[in-house]
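# Working through the structure, step by step
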Amino acid sequence: MKKQVFFAPALAMFLALGACSNEDNLPQTVDLNTPIDLSFGLGAETKVAIENPTAFDTDDAVGVYLATSDDNTQAAINAGEAVNNVQFTKTSDGWSGAIYWQNTAQYHTLYGYYPYDAALTGTQTSKSVTVAADQHTGNGAAYKAADYLWGVNNPVKATTSSQTMQLKHQMARVVINLSAGTDMTDQEIDEMAANLKMLASSGKNIPTEGTFEVTTGTITANAGNVSTLTEVTPYRTGGSRQYTYYAILLPGTEFTQGEAFVRLTDTDGTPYLYNLSTGSDLQLLAGKEYIFTLKANKAGISLDQFTIKGWEQGSSTSGDLDIDIQ
């Protein structure tokens, strides 16, 4: 909501302290009645989609917080002259939503999170997070719904300059690239592709419920999580010999070295297993992507390459190393 300005109309225009025009070196004029020119998702990190897009979809909604401080240190949500949880909605030609600089003397810190939740306020700042067992059905609806983004901008005084907010993934993603290996035909892979599952390690079931704290961007599995999964159906893309699978999971999800991690089931019920062979147990971290390149062989599934990288727009680095950590 726009902040009310308690000054005479003739004084609605203020000179921003310390801001200068690049062209004429004159003080920059900032109108506190003009919304901040704010945009999202234009950097390397974007909302999830299989093809890694460079923008949000129409009708996606982001929540924005503004907080102020007297110096250029990051102001906490709800601090100073705060504006809390303003909705910005993606339209066909930009963003619908408005938030305003509160004054010209203080520094302003902008926070953003996705997806928007109308129940959040300046003091109620946490929202629930869920992970689905089936992330493929419905064109990957549950997979895409499990992507939670967050960002915070550096403190800045009121300015006429555009403000871009880079929102980053706060969950973890597992990517599996699968193709035929020794004694396995391309036709067999095509027939089995829909039957791939990610498996929980014994005693380490996959948690499905967590909490997203928007003051920090932190996502954690709920303590004593009673809702867990023994297997996950990833989102599947590709076809004709080459398949890629995607699963979004909670940070902190653990898998045990040497235990079954992927199961591919033949049409006759024969299972082919990949036992985790990354050198140690695997604990998923927020904002990271874990990429497995696997070959399906008659003797089982083998690992060609394993990569850990920042989860961002673009594909992973390729190579012949068994383990590649970026």
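A brief report on the enclosed structure follows. (Residues numbered from 1 in each chain as written. Predicted model: local features only at pLDDT ≥ 70, side-chain atom pairs only at ≥ 80, totals over all residues. Heavy atoms only, no water.)

## A look at the overall build of the chain
For the chain, the helix and strand inventory stands at 2 helices and 27 strands. Buried residues in the chain amount to 47% of all 326 residues. In the chain, 67% of the contacts between residues at least 6 apart in sequence involve partners at least 24 apart. Accessible area of the chain: about 14900 Å², with a carbon and sulfur share of 48%. (Helix = DSSP H or I, 4+ residues; strand = E, 2+ residues; numbered from the N terminus. Buried < 20%, exposed > 50% of the residue type's maximum accessible area, 1.4 Å probe, protein only. Contact = heavy atoms within 4.5 Å. Areas by Shrake-Rupley, 256 points an atom, 1.4 Å probe, with all protein chains shown as cover.)

## Concerning the pattern of salt bridges
Throughout the structure, instances matching the rule amount to 7 salt bridges. Salt-bridge contacts for Glu188 lead to Lys298; the nearest nitrogen and oxygen are separated by 2.7 Å. Here Glu188 is found in helix 2 (residues 186-192), whereas its partner Lys298 is found in the loop between strand 25 (288-297) and strand 26 (300-310), with 110 residues between them in sequence. A relative accessible area of 18% means that Glu188 is categorised as buried. (Salt bridge = Lys/Arg side-chain N within 4 Å of Asp/Glu carboxyl O.)

## Observations regarding unusual backbone geometry
The step from Tyr114 to Pro115 runs through a cis peptide bond, and the omega angle for that step is 0 degrees. If you check the backbone angles, Asn85 has positive phi at about 55 degrees while not being a glycine. Classification of Asn85 as buried rests on a relative accessible area of 7%. In the Ramachandran plot, Ser240 falls in the positive-phi region, its phi being about 50 degrees despite a non-glycine side chain. Relative to the assigned elements, Ser240 resides in the loop between strand 19 (235-239) and strand 20 (242-249). Looking at Ser240, the relative accessible area reads 54%, which means it is exposed.

## Some details on the pairing of strand 5 (residues 83-91)
Strand direction decides the pairing type here: strand 4 (residues 61-69) and strand 5, joined by 5 bridges, are antiparallel. Residue Gly63 lies in a different strand from strand 5, and its bridge partner there is Gln87. As defined by bridge partners, strand 5 adjoins strand 6 (residues 94-96) across 3 bridges and the pair is classed as antiparallel. Across the sheet, residue Lys90 finds its bridge partner in strand 6, namely Trp95. (Pairing = 2+ DSSP bridges.)

## Things to note about the pairing of strand 19
Judged from the 5 bridges that link them, strand 19 and strand 20 form a sheet pairing that is antiparallel. Note that in strand 20 the partner of Arg236 across the bridge is Tyr245. Taking the residues between adjacent antiparallel strands as the criterion, strand 19 and strand 20 are bridged by 2 residues, where Ser240 takes a positive phi near 50 degrees.

## Digging into the side chain of Gln135
By the element assignment, Gln135 lies in the loop between strand 8 (126-130) and helix 1 (137-145). Within the structure, the side chain of Gln135 is placed 3.3 Å from the backbone oxygen of Ala132, a separation counted as a polar contact. Not counting chain neighbours up to four residues away, the residues in contact with Gln135 comprise Gly140, Ala142, Tyr143, Val232, Thr233, Pro234, Tyr235, Tyr246, Ala247, Ile248 and Leu249. (Polar contact = N/O pair within 3.5 Å; in protein donor to acceptor, adjacent residues only side chain to side chain.)

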